[in-house]
Amino acid sequence: MTLRQAQGRQGRPLRVAMIGYGFMGAAHSVGWRQAPRVFALPEAVEMAVVVGRNAEAVRDAAAQWGWQESATDWREVIARDDIDIVDIVTPGDSHAEIAIAALEAGKHVLCEKPLANTVEEAEAMADAASRAAARGVRSMVGFTYRRVPAVTFLRDLIAQGAVGTIAQVRAAYRQDWLVDPAMPLAWRLQKEHAGSGALGDIGAHIIDMTQFVTGLSVDAVSGVVDTIVTQRPLADAGPMSLAKGSGESTTGYGEVTVDDVAIFTGRLSTGALVSFEATRFATGRKNDLSIEVSGDKGALRFDLEDLNTLWFYDRTAPEATQGFTRILVTEAQHPYVGAWWPAGHMLGYEHGFSHQVVDLVTAIAEGTDPHPSFDEGLSVQRVLAAVEESSANDSAWVRISARQPANR
Ligand code: SOE
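Residues numbered from 1 in each chain as written. Predicted model: local features only at pLDDT ≥ 70, side-chain atom pairs only at ≥ 80, totals over all residues. Heavy atoms only, no water.

Participant: Explain the overall build of the protein to me, please; I cannot follow it from the model alone.
Facilitator: Of the regular secondary structure elements, the protein holds 12 helices and 17 strands. Compactness check: the protein gives a C-alpha radius of gyration of 21 Å against a globular reference of 22 Å for 408 residues, within 12% of the reference. For the C-alpha atoms alone, the extent of the protein along its principal axes is close to 65 × 55 × 45 Å. Surface summary for the protein: the accessible area is close to 16,900 Å², and the carbon and sulfur share equals 51%. (Helix = DSSP H or I, 4+ residues; strand = E, 2+ residues; numbered from the N terminus. Rg over C-alpha atoms; globule rule 2.2 N^0.38 Å. Areas by Shrake-Rupley, 256 points an atom, 1.4 Å probe, with all protein chains shown as cover.)

Set out below in structure tokens:
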């Protein structure tokens, strides 16, 4: 942060406006509330205002999650001088408009994943973020699983050479909430709202995680996307329903315009191959993200459904005792863990959202750019688009070319 910004705030806390209040709004609220109480943040933060179109519903959300105010006009809120950070947790079709406006208004931005619904939108966001960074305005993408201690530790071990030269990666994100054909048409199943289906919603996580833990980029892909249930009932059902927020239940059926399953192969910049699977039809798999990195010196594996554990196979150990060792990532020396509980007291899904707040606020206070940046979010967007292009061309290999940045 520039001295001017700090002086501009006359030392008051960093005040946050969250745009949206669904499932991710709840998870982010827990992060904003917990982080300052558990970590010694370099700057105080205040949960100032939550914004949503339905005045009554967003007022209830403010009361439930501890926001000082609620509002219905995001443009008005980002124009306020008493707002410093804009946290975007809306569906992907509004990420670009809100993020670019907030950055240009001098607000730091945290934007949920995937960064956008198209490469073009993501490019415009990355360009705006780069211009804003030159003015000391920070931006970050909400790939929260990077901040599960075991995932950050996995990345650190790979960087220290624990697996040696990476030969292969296996990454999967399996859910089953769409196996029932009676599941109503949710906004996540509509291309104009979500951009894509399992590919962008959960495939984005494993693409980002692969690039994060290996430090390598996915440079080419070959794959296929498929829609298993092509029509679903229009009805108001829960936080992901398309009809939610309209207030009335609707009848009839609507077209599913995104993928249910994405299976693709990635080629990393070293030539190593990655097998990716993102599906909402893995019956019995509720939120099963896993990644396994295989090298000539060993292997590391992480499973979100056992997120305090990291499995390590050390080929340099005496052969008689080689085997996948279970590392319980709950020691004070492990990333983020020291601020929470003593060894063996487990963390959960929501803790990554606090770690995300810690790293964003620390970057703002130190005047550095947090990760993942919008450029990293753009690199994921390129992979998503390349998978769809490959699928439309009989799974032909598609190279991912890095675009020259606009004159920033
Ligand atoms: C739904 O698939 C969802 O909420 C994703 O949108 C999140 O990114 C993922 O973390 C959990 O599942």
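Participant: Any chance you could explain the site of the ligand here in plain terms?
Facilitator: In the vicinity of the ligand, the contacting residues are Phe-23, Lys-113, Tyr-145, Tyr-173, Gln-175, Trp-177, Arg-188, Asp-201, Ile-202, His-205, Asn-287 and Tyr-349. Lys-113 is positioned such that a nitrogen or oxygen atom in its side chain is 3.0 Å from an oxygen atom of the ligand. Calculation on the ligand without its partners gives an accessible area of 310 Å², and the protein chains cover 94% of this total. Residue classes in the shell around the ligand are distributed as six nonpolar, three polar and three charged. (Near = heavy atom within 4 Å. Polar contact = N/O pair within 3.5 Å; in protein donor to acceptor, adjacent residues only side chain to side chain. Nonpolar A, V, L, I, M, F, W, Y, C, P; charged D, E, K, R; others polar.)

Participant: Honestly, the packing of aromatic side chains in this entry has me stumped. Any pointers?
Facilitator: Aromatic ring pairs are reported here in terms of the distance separating the ring centres and the angle at which the planes meet. Under the criterion given, the structure shown has eight aromatic pairs. Pairwise contacts between aromatic rings join Phe-23, Tyr-145, Tyr-173, Tyr-349 and Phe-353 into one cluster. (Phe/Tyr/Trp six-rings, centres within 6.5 Å; stacked < 30°, edge-to-face > 60°.)

Participant: Could you clarify how one ought to interpret helix H11 (residues 351–366) in this entry?
Facilitator: The periodicity of an α-helix, 3.6 residues per turn, causes residues three or four positions apart to be oriented the same way. Between its first and last C-alpha atoms H11 spans 23 Å; for 16 residues at 1.5 Å apiece the expected length is 22 Å, and the two agree. Buried residues dominate H11, accounting for 12 of its 16 residues. Positive backbone phi, at 75 degrees, marks Gly-367, one or two positions downstream of H11. (Expected span 1.5 Å × (residues − 1). Buried < 20%, exposed > 50% of the residue type's maximum accessible area, 1.4 Å probe, protein only.)

Participant: Just checking my understanding: could you explain the nonpolar core for this structure?
Facilitator: A general trend in soluble globular proteins is that nonpolar side chains are found buried together. Formed by 84 residues in total, the largest nonpolar core has its most connected members in Phe-302 and Phe-374. Not counting residues up to four positions away in its chain, the partners in contact with Phe-374 are Ala-99, Leu-103, Val-109, Cys-111, Leu-115, Met-125, Ala-126, Ala-129, Ser-139, Met-140 and Val-141. Formed by 28 residues, the second largest nonpolar core is a distinct cluster that contains Ala-27, Trp-32, Val-50 and Phe-353. (Core = buried A, V, L, I, M, F, W, Y, C linked by side-chain atoms within 4.5 Å. Contact = heavy atoms within 4.5 Å.)

Participant: Hey, could you run me through the pattern of salt bridges in this one?
Facilitator: Any two side chains of opposite charge can pair, given that their charged atoms come close. In total, this model carries 26 salt bridges according to the counting rule given. The salt bridge involving Asp-82 is made with Arg-80; its shortest N-O contact spans 2.9 Å. With a shortest N-O distance of 2.8 Å, Asp-201 and Arg-280 are connected by a salt bridge. Linking Asp-201 in helix H9 (residues 198–201) with Arg-280 in the loop between strand S12 (273–279) and strand S13 (288–295), this pair joins segments that are 79 residues apart in sequence. This pair shows no difference in class: Asp-201 is buried, exactly as Arg-280 is. Three or more residues joined by partner-sharing salt bridges are found here, namely Arg-15, Glu-46, Glu-69, Arg-80 and Asp-82. (Salt bridge = Lys/Arg side-chain N within 4 Å of Asp/Glu carboxyl O.)

Participant: Looking at this structure, I do not really get the domain arrangement of the protein. What am I missing?
Facilitator: Note on interface size: it is often stated as the accessible area lost on association of the parts. Taken domain by domain, the protein holds domain 1 (3–145) and domain 2 (149–306 + 308–347). The C-alpha centroid of domain 2 is placed 25 Å from the C-alpha centroid of domain 1. Contacts between the two partners involve 12 residues from domain 1, matched on the other side by 21 residues from domain 2. When the buried area of domain 1 at its contact with domain 2 is split by residue, Phe-39, Phe-143 and Tyr-145 rank highest and sum to 42% of it. Inspection of the region where domain 1 meets domain 2 yields one salt bridge. Our count for the domain 1 to domain 2 interface comes out at five residue pairs in polar contact (both at pLDDT 80 or more). For the side of domain 1 that touches domain 2, the per-class residue count stands at six nonpolar, four polar and two charged. (Domains from an automatic or database assignment. Buried area = accessible area lost by both parts, 1.4 Å probe.)

Participant: I tried to follow the sheet that holds strand S1 (residues 14–19) on my own but got confused; where do I start?
Facilitator: Consider a sheet: its strands pair through backbone hydrogen bonds, and that pairing is either parallel or antiparallel. If you trace the six strands from one edge of the open sheet to the other, you get S3-S2-S1-S4-S5-S6, paired in parallel fashion. Edge strands, defined here as strands with exactly one partner in the open sheet, are strand S3 (69–71) and strand S6 (139–142). Strand-to-strand, the axes of this sheet are offset by a mean angle of 20 degrees, without reference to chain direction. Relative to S3, strand S2 (residues 45–51) runs parallel, the two sharing three bridges. Residue pairing in the sheet places Val-49 in a bridge with Glu-69 of S3. Along the sheet face, H11 touches S1, S2, strand S4 (85–88), strand S5 (108–112) and S6 and points at about 170 degrees away from the line of S6. (Pairing = 2+ DSSP bridges. Axes fitted to C-alpha atoms, helices over the stretch in contact; angles between N-to-C directions.)

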